[in-house]
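The residues making up each chain are set out below.
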Protein chains: 2
Amino acid sequence: MTLQIACQDCDTVHRQDTRLWRCGCGGPLDVDFRGRIDAAMLRRRSRGMWRYREALPIGADARVVSFNEGFTPIVRMRIDGKPLTVKQENLFPTGSFKDRGASVLISRARELGVEKVVEDSSGNAGAAVAAYSAKAGIECEIYVPEATSPGKLAQIRLYGAKLIRVPGSREATAHAAMEAAERHFYASHVWNPFFFQGTKTYAFEIWEQLGFNAPDTLIVPTGHGTMLIGAFLGFRDLLENGLIDRLPRMIAVQAAGCAPLYRMWRDQLAELPPAPSGDTIAEGIAIAEPARASQILDIIRETGGRIIAVTDAEIERALLDICKQGLYAEPTSATAVAAFRKIPADRDECVVAPLTGHGLKSTEKMLKLTG
Amino acid sequence: MTLQIACQDCDTVHRQDTRLWRCGCGGPLDVDFRGRIDAAMLRRRSRGMWRYREALPIGADARVVSFNEGFTPIVRMRIDGKPLTVKQENLFPTGSFKDRGASVLISRARELGVEKVVEDSSGNAGAAVAAYSAKAGIECEIYVPEATSPGKLAQIRLYGAKLIRVPGSREATAHAAMEAAERHFYASHVWNPFFFQGTKTYAFEIWEQLGFNAPDTLIVPTGHGTMLIGAFLGFRDLLENGLIDRLPRMIAVQAAGCAPLYRMWRDQLAELPPAPSGDTIAEGIAIAEPARASQILDIIRETGGRIIAVTDAEIERALLDICKQGLYAEPTSATAVAAFRKIPADRDECVVAPLTGHGLKSTEKMLKLTG
């Protein structure tokens with residue numbers, strides 16, 4: 001298996017077995033690994049994201065940490081009469097698509113012989129890293145903002161992770177984890193590039209579920225961009241394997257209450273604006289300082305996409321529509337449906353959006369919605 | 001499609017399009033429908049429980065109500081060093097295996113032209129029937145015990161169902177729903193035999209996931225027996241199609257706090273004992289008056305199985321073990337692991353147990369466990 005780990009900013013190439021989570025220059029790292037995908041081989045594989053085995057940068061099978069997750073079902077919805085294909089990423093073991101990334105990242109940690117990981121999260125990524133660490137027998141410490149909902153705290157704790165609640169903003173939590181990362185392996189869904197090697201399976205599955213075709217458009221709720229970047233890498237793998245002939249247009253969605261990427265895009269800024277840690281019901285993407293902002297904007301440009309901001313009122317309306325059609329997702333998921341309403345899609349266009357996390361994770365917010 | 005609907009007690013055959021939920025004599029109804037399964041055909045089918053299309057008693061495809069659910073992943077665990085195969089039924093759209101039954105039952109309701117359904121449930125079945133009714137555009141009324149947890153209430157309400165909270169016991173709720181069922185279609189997961197035609201897909205998937213083999217033993221948490229009866233019907237279909245050569249041994253598990261079936265089995269009673277609506281953490285199977293008790297006992301005898309009761313302390317210990325291995329299930333699921341500890345399984349025996357519902361559904365109980 002050939003892979004290269006390099007800095008996005010200064011191009012420094014790091015050792016293949018590096019435990020660094022960012023370059024010495026402060027830049028984010030990338031894994032340069034071009035996966036091989038053979039459509040004929042897939043017929044004989046069991047269901048799940050590890051069916052794309054040759055496209056995932058883990059050496060020995062014995063290192064793979066998995067609950068046989070993935071291959072989440074798609075379902076067709078109609079929103080204002082327009083067809084939308086929804087991928088039920090809320091049906092992962094821990095209740096969100098973050099399991100894709102955690103499965104590959106914790107496999108990587110096991111491959112490196114890591115004994116303890118630290119991670120910070122507003123909830124979903126923390127639960128995923130805690131669950132896969134438990135499966136791997138790796139000690140795990142999760143830093144969460146003090147305001148994280150009780151349901152998410154219970155879940156992380158029951159997986160056996162040590163939970164550290166940090167007062168203040170989401171950013172304060174990240175900084176506390178980074179300090180701990182000086183002593184332990186930082187299993188960051190934001191910084192560690194192996195996480196995106198997992199979320200790229202989102203693209204492979206969509207391709208296969210659409211009859212081995214790319215959709216025209218992907219709508220992706222975006223905070224740190226864990227799904228957007230992964231989806232891009234996945235479709236690029238498919239393109240390089242000659243299995244599709246163009247990348248889908250990628251539309252990132254942000255909540256208007258915390259929309260630094262949207263502002264960069266709209267105002268053509270070179271740097272992140274000093275965004276307030278705004279309040280929004282879409283807590284999963286309320287990220288004031290996305291670490292990979294320029295990478296995200298590059299992807300939007302390269303695929304001919306755009307960034308859309310949606311208000312909490314629009315998100316709530318979309319969430320009610322989703323539920324009324326029998327699906328149950330966290331509010332963050334509804335940003336994609338709210339954004340879908342804003343794009344002039346023609347009726348033949350194939351648009352795919354994810355339900356990123358389970359509605360059962362957001363009981364407090366769901367209760368408010370029911371009045 | 002040939003099917004016959006007959007009373008279990010008096011053998012009366014009812015019209016094929018009957019909307020009755022029980023016989024005039026008070027007995028429960030059965031659907032006599034022997035599904036056809038062709039292993040070769042399955043290779044070309046997409047994932048999900050409807051891949052066993054010819055084994056499900058719904059006529060036109062256009063009536064099928066589905067989120068492309070099912071084919072839930074199995075995963076291997078070790079409990080006290082012994083191997084246990086766990087099927088992640090908690091990863092259904094509404095968070096429990098009840099979606100199997102609801103998908104077929106609400107398809108049946110649509111086939112009959114039903115406009116409104118009523119159902120009663122302590123939570124999981126109510127959520128499932130509400131979600132599939134929403135998908136089908138059928139009006140839905142769910143009766144729940146007053147003490148049902150807020151998370152489950154929110155979920156049912158968000159699907160757009162009308163929620164009626166009934167004071168008193170679980171049985172009082174059932175009686176309120178039965179009264180309403182005099183005016184509307186009773187989409188009961190207990191009484192309506194089409195529900196079991198859905199839960200039987202649990203057996204088909206296990207067979208396929210074990211390489212087209214039946215396991216030696218199935219352990220099934222049992223209250224009303226919705227999974228146990230379904231699993232039996234499914235394996236019987238496989239046997240009659242010549243795809244397996246014997247039925248797996250079926251072990252039903254009850255919570256010691258509410259164990260009428262266990263007492264019938266242990267004490268060889270012909271009738272249900274006057275069981276108290278006992279208190280147990282395994283709320284999903286706390287059923288004092290199971291409607292199909294004799295059917296359940298027949299299945300246990302026919303397959304050479306048994307019934308085991310487990311205490312809340314044993315359930316809690318098992319639940320912590322499940323979570324520590326990275327899985328997140330409701331306490332009811334843990335009864336199966338607790339029972340597994342009590343059977344003298346040899347190391348070569350293939351034992352399968354389900355995670356019946358998601359841990360995210362039981363946050364209050366999970367919080368208590370974390371102390």
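A few points on the structure. (Residues numbered from 1 in each chain as written. Chains lettered and ligands numbered in written order. Predicted model: local features only at pLDDT ≥ 70, side-chain atom pairs only at ≥ 80, totals over all residues. Heavy atoms only, no water.)

## Regarding the pattern of salt bridges
Going through the model one piece at a time under the given rule, you end up with 46 salt bridges over all chains. For A:Arg53, the salt bridge goes to A:Asp61, with nearest N and O atoms at 2.7 Å. Among the ionic pairs, B:Asp80 bridges to B:Arg341, the shortest N-O distance being 2.9 Å. With B:Asp80 in the loop between strand S4 (74-79) and strand S5 (82-87) and B:Arg341 in the loop between helix H12 (331-340) and strand S13 (351-354), this pair connects stretches of sequence that are 261 residues apart. Residue classification places B:Arg341 among the partly exposed positions, given a relative accessible area of 21%. Look at the salt bridges and you will find they share partners, linking A:Asp80, A:Arg317, A:Asp321 and A:Arg341 into a network. (Salt bridge = Lys/Arg side-chain N within 4 Å of Asp/Glu carboxyl O. Helix = DSSP H or I, 4+ residues; strand = E, 2+ residues; numbered from the N terminus. Buried < 20%, exposed > 50% of the residue type's maximum accessible area, 1.4 Å probe, protein only.)

## Side note on the pairing of strand S10 (residues 217-221) of chain A
When a strand is regular, its side chains alternate between the sheet's two faces. Residue and element names in this part refer to chain A. By the criterion of burial, S10 is predominantly enclosed, with 5 of the 5 residues buried. Because side chains alternate across S10, one face comprises the buried residues Thr217, Ile219 and Pro221, and the other comprises Leu218 and Val220, equally buried. Alignment of S10 against strand S11 (residues 249-255), held across 5 bridges, turns out to be parallel. Within the sheet, the bridge partner assigned to proline 221 lies in S11 and is valine 253. Judged from the 2 bridges that link them, S10 and strand S13 (residues 351-354) form a sheet pairing that is parallel. Within S13, the residue paired with leucine 218 across the bridge is valine 352. (Pairing = 2+ DSSP bridges.)

## Thoughts on the packing of helix H11 (residues 312-324) of chain B against H12(B)
Residue and element names in this part refer to chain B. In contact at an axis separation of 8 Å, H11 and H12 are set at 95 degrees when each is read in the N-to-C sense. Taken as axis vectors, H11 and H12 run roughly perpendicular relative to one another. Contacts between H11 and H12 involve Glu314, Ile315, Ala318, Leu319 and Ile322 on the former and, on the latter, Pro331, Ala334, Thr335, Val337 and Ala338. The class makeup of the residues in the contact of H11 with H12 is 8 nonpolar, 1 polar and 1 charged. (Axes fitted to C-alpha atoms, helices over the stretch in contact; angles between N-to-C directions. Parallel < 35°, antiparallel > 145°, perpendicular 65-115°, else oblique. Contact = heavy atoms within 4.5 Å. Nonpolar A, V, L, I, M, F, W, Y, C, P; charged D, E, K, R; others polar.)

## Concerning the interface of chain B and chain A
Contacts between the two partners involve 42 residues from chain B and, on the opposite side, 43 residues from chain A. Interface area for chain B against chain A, summed over the two sides, is near 3,600 Å², with a carbon-plus-sulfur share of 64%. For the chain B face of the interface with chain A, the top three residues by lost area are B:Arg47, B:Leu158 and B:Leu360, together amounting to 21%. On inspection of chain B and its partner chain A, the count reaches 0 salt bridges. One can count 10 residue pairs in polar contact (both at pLDDT 80 or more) joining chain B with chain A. If one sorts the elements of the side of chain B that touches chain A by residue count, helix H4 (residues 150-158) of chain B sits on top with 6 residues. Split into classes, the residues belonging to the side of chain B that touches chain A amount to 22 nonpolar, 14 polar and 6 charged. (Buried area = accessible area lost by both parts, 1.4 Å probe. Polar contact = N/O pair within 3.5 Å; in protein donor to acceptor, adjacent residues only side chain to side chain.)

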